[in-house]
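Chain by chain, the residues run as shown.
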Amino acid sequence: MFARKPRIVLADDEIHIRYLIRNVMLAEGYEVAGEVNNGEDAVAMYREVRPDLIVMDINLPLKTGDVVLADILGEFPDAKVVMLTMVADIDTVKRCLELGAVDYILKSNPVEEIKRILRGVVASLGIEEVPA
Amino acid sequence: MSERYDVKQMRQEIKADEKLYRAKPVLLTQQEIDALRAQLRQAKSPKESQT
């Protein structure tokens, strides 16, 4: 249990992925502070909400996830961005990690694996955990 | 919830994802990505400690 709920924004154009990840986050006790379905809205939502973390697809309409990643980190160097995607060629993965993504999650992972990785990322955010 | 999530559209998306997954297989596994991330972090940290 956290002293406060980690606030997370979700950026994915696929409804079923947002549905899945939203439910994973709620089950883990995180707050879904916003959902967007394109890259331009992802940047705008980040500015407005200033979440603890943004979980983002690569193949976003209007502005791709890697461009949004660079935009967000350019404006907010301490932003924590996790890429969640089907695209896992080495160049894309390397580019996103070098740009500053804190993690890179494959959508093809089992839900338990996605949960495990998100828990690790959230634990690194420094939000104080309190005994339940 | 049903207003936000259109089940018919979700099914179509899942089908499209399966098609994409078959046509363009994932090239790195999650373990390989984790290893790459650790490697990049390690390469970056000595630079940071110099500054």
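None of the values given here were measured: they were computed from a predicted structure.

So, how was this worked out
Residues numbered from 1 in each chain as written. Chains lettered and ligands numbered in written order. Predicted model: local features only at pLDDT ≥ 70, side-chain atom pairs only at ≥ 80, totals over all residues. Helix = DSSP H or I, 4+ residues; strand = E, 2+ residues; numbered from the N terminus. Buried ≥ 20, exposed ≤ 12 C-beta atoms within 10 Å, placed from the backbone. Core = buried A, V, L, I, M, F, W, Y, C linked by C-beta atoms within 7 Å. Contact = placed C-beta atoms within 7 Å. Nonpolar A, V, L, I, M, F, W, Y, C, P; charged D, E, K, R; others polar. Expected span 1.5 Å × (residues − 1). Arc of directions from axis to C-beta. Axes fitted to C-alpha atoms, helices over the stretch in contact; angles between N-to-C directions. Parallel < 35°, antiparallel > 145°, perpendicular 65-115°, else oblique. Pairing = 2+ DSSP bridges. Right-handed = clockwise from strand over helix to strand, strands pointing away.

When its secondary structure is counted, chain B shows two helices and zero strands. Residues counted as buried form 2% of the 51 residues belonging to chain B.

Time to look at unusual backbone geometry. Residues and elements named next belong to chain A. Notably, Arg50 is not glycine yet its phi reads approximately 45°, a positive angle. Checked against the element boundaries, Arg50 lands in the loop between α2 (39-49) and β3 (53-56). The residue Leu62 is not glycine, and still its phi comes out positive at about 75°.

This part takes up the nonpolar core. Counting 41 residues, the largest nonpolar core has Ala42(A), Ile54(A), Val55(A), Met56(A), Val81(A) and Met83(A) as the members making the most contacts within it. Those residues in contact with Met83(A) that lie beyond four places of it in its chain are Met56(A), Ile58(A), Gly65(A), Cys96(A), Ala101(A), Tyr104(A) and Ile105(A).

Take the interface of chain A and chain B next. Contact with chain A, which involves 18 residues of that partner, is made by 17 residues of chain B. Mapped onto the side of chain A that touches chain B, the elements with two or more residues apiece are α1 (15-27), α4 (90-99) and β5 (103-106) of chain A. If you tally residues by element for the side of chain A that touches chain B, the top one is α4(A), at five residues. Partitioning the side of chain A that touches chain B into residue classes produces nine nonpolar, three polar and six charged.

Our focus in this paragraph is α1(A). Residues and elements named next belong to chain A. Between its terminal C-alpha atoms α1 stretches 18 Å, which fits the 18 Å expected from 13 residues at 1.5 Å a residue. By the burial criterion, the buried members of α1 are Ile17, Arg18, Ile21 and Met25. All buried residues of α1 project into a common sector of 95° when viewed along the axis, lining one side. Those residues of α1 that are exposed and angled more than 90 degrees off the buried face are Asn23, Leu26 and Ala27. Once α1 ends, the next one or two residues include Gly29, with phi positive near 90°.

To continue, consider the environment of Asp34(B). With respect to the helices and strands, the residue Asp34(B) is situated in helix α2 (residues 30-50). Each C-alpha atom, one on Asp34(B) and one on Ile14(B), is 26 Å from the other, the two residues being 20 residues apart in sequence.

On to the packing of helix α3 (residues 65-75) of chain A against α4(A), then. Residues and elements named next belong to chain A. Following both chains from N to C, one finds α3 and α4 inclined at 10°, their axes separated by 10 Å at the closest point. Classified by the interaxial angle, the pair formed by α3 and α4 is roughly parallel. Contacts between α3 and α4 involve Asp66, Leu69, Ala70 and Leu73 from the former and Arg95, Cys96 and Leu99 from the latter. Along the lines of polarity and charge, the residues of the contact of α3 with α4 split into five nonpolar, no polar and two charged.

Residue and element names in this part refer to chain A. Bridge count between strand β1 (residues 7-11) and strand β2 (residues 31-36): five bridges; the pairing is parallel. Within β2, the position partnered with Arg7 by the bridge is Glu31. Each parallel crossover has a hand, and the one from β1 via α1 to β2 is right-handed.

None of this, on its own, says anything about what the molecule does.
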